[in-house]
Amino acid sequence: MRIGLRAVLYISALMRSVFPSKDLSSQDGVLKTLEFETLDKRGSIKGTWMEYIPWAFSEVNEKHAKILCCISRRNRDREVTRAEIMKPESEHDRFRTGKETQGSGQCGY
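First things first, this report covers the structure right here in the doc. (Residues numbered from 1 in each chain as written. Predicted model: local features only at pLDDT ≥ 70, side-chain atom pairs only at ≥ 80, totals over all residues. Heavy atoms only, no water.)

### Considering the overall build of the chain
Inference 1: Counting its secondary structure elements, the chain contains 6 helices and 0 strands.
Inference 2: Each helix (α) and strand (β) of the chain, taken in turn from the N terminus, gives the series α-α-α-α-α-α.
Inference 3: Of all 109 residues assigned to the chain, the portion counted as buried reaches 19%.
Inference 4: Taking as baseline every contact in the chain between residues at least 6 positions apart, the subset at least 24 positions apart corresponds to 32%.
Inference 5: Of the accessible surface of the chain, which amounts to about 8400 Å², a share of 56% is contributed by carbon and sulfur atoms. (Helix = DSSP H or I, 4+ residues; strand = E, 2+ residues; numbered from the N terminus. Buried < 20%, exposed > 50% of the residue type's maximum accessible area, 1.4 Å probe, protein only. Contact = heavy atoms within 4.5 Å. Areas by Shrake-Rupley, 256 points an atom, 1.4 Å probe, with all protein chains shown as cover.)

### Digging into the side chain of N75
Inference 1: With respect to the element layout, N75 can be found in the loop between α4 (62-74) and α5 (82-85).
Inference 2: Side-chain polar atoms of N75 contact the backbone oxygen of I71, separated by 2.9 Å. (Polar contact = N/O pair within 3.5 Å; in protein donor to acceptor, adjacent residues only side chain to side chain.)

### Some remarks on the pattern of salt bridges
Between side chains of opposite charge, a pair can form as their charged atoms come close.
Inference 1: In this structure the tally under the stated criterion is 3 salt bridges.
Inference 2: Put simply, D28 and K32 hold a salt bridge, and the shortest N to O gap is 3.3 Å. Linking D28 with K32, this pair stays in helix α2 (residues 27-39), spanning 4 residues, or about one helical turn.
Inference 3: For D28, a relative accessible area of 44% puts it in the partly exposed group.
Inference 4: Ionic pairing is found between D40 and R42, a salt bridge with its closest N-O pair at 2.9 Å.
Inference 5: Here R42 falls in the exposed class, since its relative accessible area comes to 51%. (Salt bridge = Lys/Arg side-chain N within 4 Å of Asp/Glu carboxyl O.)

### What to know about the packing of helix α1 (residues 5-16) against α2
Inference 1: Following both chains from N to C, one finds α1 and α2 inclined at 100°, their axes separated by 10 Å at the closest point. By the angle between their directions, the pair α1 and α2 is classed as roughly perpendicular. Mapping the contact onto sequence places Y10, A13 and L14 in α1 and V30, T33, L34 and E37 in α2.
Inference 2: Here the residues of the contact of α1 with α2 are counted per class, giving 5 nonpolar, 1 polar and 1 charged. (Axes fitted to C-alpha atoms, helices over the stretch in contact; angles between N-to-C directions. Parallel < 35°, antiparallel > 145°, perpendicular 65-115°, else oblique. Nonpolar A, V, L, I, M, F, W, Y, C, P; charged D, E, K, R; others polar.)

### A closer look at the packing of aromatic side chains
Inference 1: Per the counting criterion, the structure on display carries 3 aromatic pairs.
Inference 2: Pairing Y52 with W55 gives two aromatic rings, centres 5.7 Å apart and planes at 40°, and the pair type is tilted. Residue Y52 and its partner W55 are both found in helix α3 (residues 44-59); the two are separated by 3 residues, about one turn of the helix.
Inference 3: In this structure Y52 comes out as partly exposed when scored by relative accessible area, which is 41%.
Inference 4: W55 sits in the partly exposed class, given a relative accessible area of 48%.
Inference 5: Taken together through their ring pairs, the aromatic side chains of W49, Y52 and W55 make up a single cluster. (Phe/Tyr/Trp six-rings, centres within 6.5 Å; stacked < 30°, edge-to-face > 60°.)

What follows is the structure in C-alpha cells.
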C-alpha cells in the first residue's frame, strides 16, 4: 500500500496535535483530533490551508481559482473528477456572475 504525501502530512499533524483531549487510541479520538486540526484556529492543518489558499489564488487566475474553490465546497463529501472540473465555461457561469450567492452568500451556501 502506498501512502501519499498529503496523508503523511495529516498523520504527522495528528501526532503533533496540541488538542487538549487528544486520544489517538480510538477511532472517535482520532476523528475528534482531526476535526480540531482542520477546524480550530490553533490546528496546524487549518493553518497550512489558510496560508496556501491566498497564495494559490494569487498564482492562479482568480476566475478559475474561485470556480475550483466553489466546486470543492459544493462537493466536500466526495472527490471531484478532472472531467467535472473541466466542464465547458458556460456551465460555470454562475460562479463568475455572482449568482452563486444563496443562503450565506458563498458558492451557493
